[in-house]
Amino acid sequence: MFEEVKPHLVELRKRLAYSVITVVVMFFVMFTVWQPILSWMTAPLTEVLPKGSTVVFTKLQEPFFTALKVSFFTGFIASLPVIFWQVWLFVAPGLYDNEKKMILPFVFGATTMFILGGAFAYYVVVPFGFTFLVNFGSQLFTALPSIGEYVSFFTKLMVGFGIAFELPVITFFLASIGLITDKTLKEFFRYALVIIFLVSALLTPPDVLTQFLMAGPMILLYLLSIYIAKMVNPEKSTDEEDEDIEDDE
């Protein structure tokens, strides 16, 4: 049994190595321009800060580690096409020849949807969330947000939305290889709603509006995924299954 698993482990290690090397290379590339990237990341916050407030650091090592976080985050984003390519190459040996040809649509679609998710978070969710958080209690306190904590929160939010927007791509892939149907997703919908709102509560600021700004698109993406599964691999009726069995015989 171990001999059967060993080639898969070797292939997995190979794909992980290529992905890690790409991220490391892009990390050093992004480290050379981390300051303008950080300015772009903090723009939504600085726009809503009241007069007299500014972004600060509270530990001596905080600016350096913030630069590392910014470089790693943007290096990871820049490496996504290669990472998705390696994921596909890992699963490709178990696919049919016609399914293997979907590598370019998969890589392009997965990368595009991740970026769209991050863009939605940056231009829609973040402004609403930060406006609420900064203005809440501003009459009593002066906002002095820590740059390290802000970057950690910002990257978590962006990655969370990026992963959420991958749902249609994942559905298309799983439906293409016959692992799910539209009926599968319909039956799981009630549980999906609970999971969506739990994830939204964990990843967004603690206000209802921002949570709904994440949960709403995720629900729409889930409904879109049901439609995709119906187009790619619809649930077959009993009569259709019997006909398929007769054709195989």
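None of the values given here were measured: they were computed from a predicted structure.

Trainee: How would you summarise the pattern of salt bridges if you had to cite specific residues and measurements?
Mentor: Under the counting rule described, the total for this entry stands at three salt bridges. In this structure, Arg 15 and Glu 11 form a salt bridge, with 2.7 Å as the shortest nitrogen-oxygen distance. Pair noted here: Arg 15 and Glu 11 are both in helix 1 (residues 2-31), with a separation of four residues, about one helical turn. A salt bridge links Lys 183 to Glu 187, with the nearest nitrogen and oxygen atoms 3.9 Å apart. Placement of both Lys 183 and Glu 187 in helix 9 (residues 182-187) is noted, with a separation of four residues, approximately one turn of the helix. With a relative accessible area of 51%, Glu 187 lands in the exposed category.

Trainee: Let's hear about helix 10 (residues 189-203): which residues, and what values?
Mentor: Across its 15 residues, helix 10 extends 21 Å between first and last C-alpha, which sits within 8% of the 21 Å expected from 1.5 Å per residue. Inspection of helix 10 places Ala 192, Ile 196, Ser 200 and Leu 203 among the buried residues, and these make up the whole buried set. One side of helix 10 carries all its buried residues, which in axial view fall inside an arc of 80°. Projecting away from the buried face of helix 10 at angles above 90 degrees are the exposed residues Arg 190, Tyr 191, Val 194, Leu 198 and Leu 202. Contact partners of the buried residues in helix 10: helix 7 (147-164) and helix 11 (208-232).

Trainee: Give me the lowdown on the packing of aromatic side chains, citing residues and values where you can.
Mentor: Counted under the stated rule, the structure contains 19 aromatic pairs. Taken together, a centroid distance of 6.2 Å and an interplanar angle of 85° make the contact between Phe 84 and Phe 106 edge-to-face. In this pair, Phe 84 sits in helix 4 (residues 80-91) while Phe 106 sits in helix 6 (residues 103-135), placing the two residues 22 residues apart along the sequence. Taking 4.8 Å as the distance between ring centres and 80° as the angle between the ring planes, the aromatic pair formed by Tyr 122 and Tyr 123 counts as edge-to-face. A relative accessible area of 7% means that Tyr 122 is categorised as buried. Residue Tyr 123 is classed as exposed on the basis of its relative accessible area, which comes to 59%.

Thresholds, definitions, all that
Residues numbered from 1 in each chain as written. Predicted model: local features only at pLDDT ≥ 70, side-chain atom pairs only at ≥ 80, totals over all residues. Heavy atoms only, no water. Salt bridge = Lys/Arg side-chain N within 4 Å of Asp/Glu carboxyl O. Helix = DSSP H or I, 4+ residues; strand = E, 2+ residues; numbered from the N terminus. Buried < 20%, exposed > 50% of the residue type's maximum accessible area, 1.4 Å probe, protein only. Expected span 1.5 Å × (residues − 1). Arc of directions from axis to C-beta. Contact = heavy atoms within 4.5 Å. Phe/Tyr/Trp six-rings, centres within 6.5 Å; stacked < 30°, edge-to-face > 60°.

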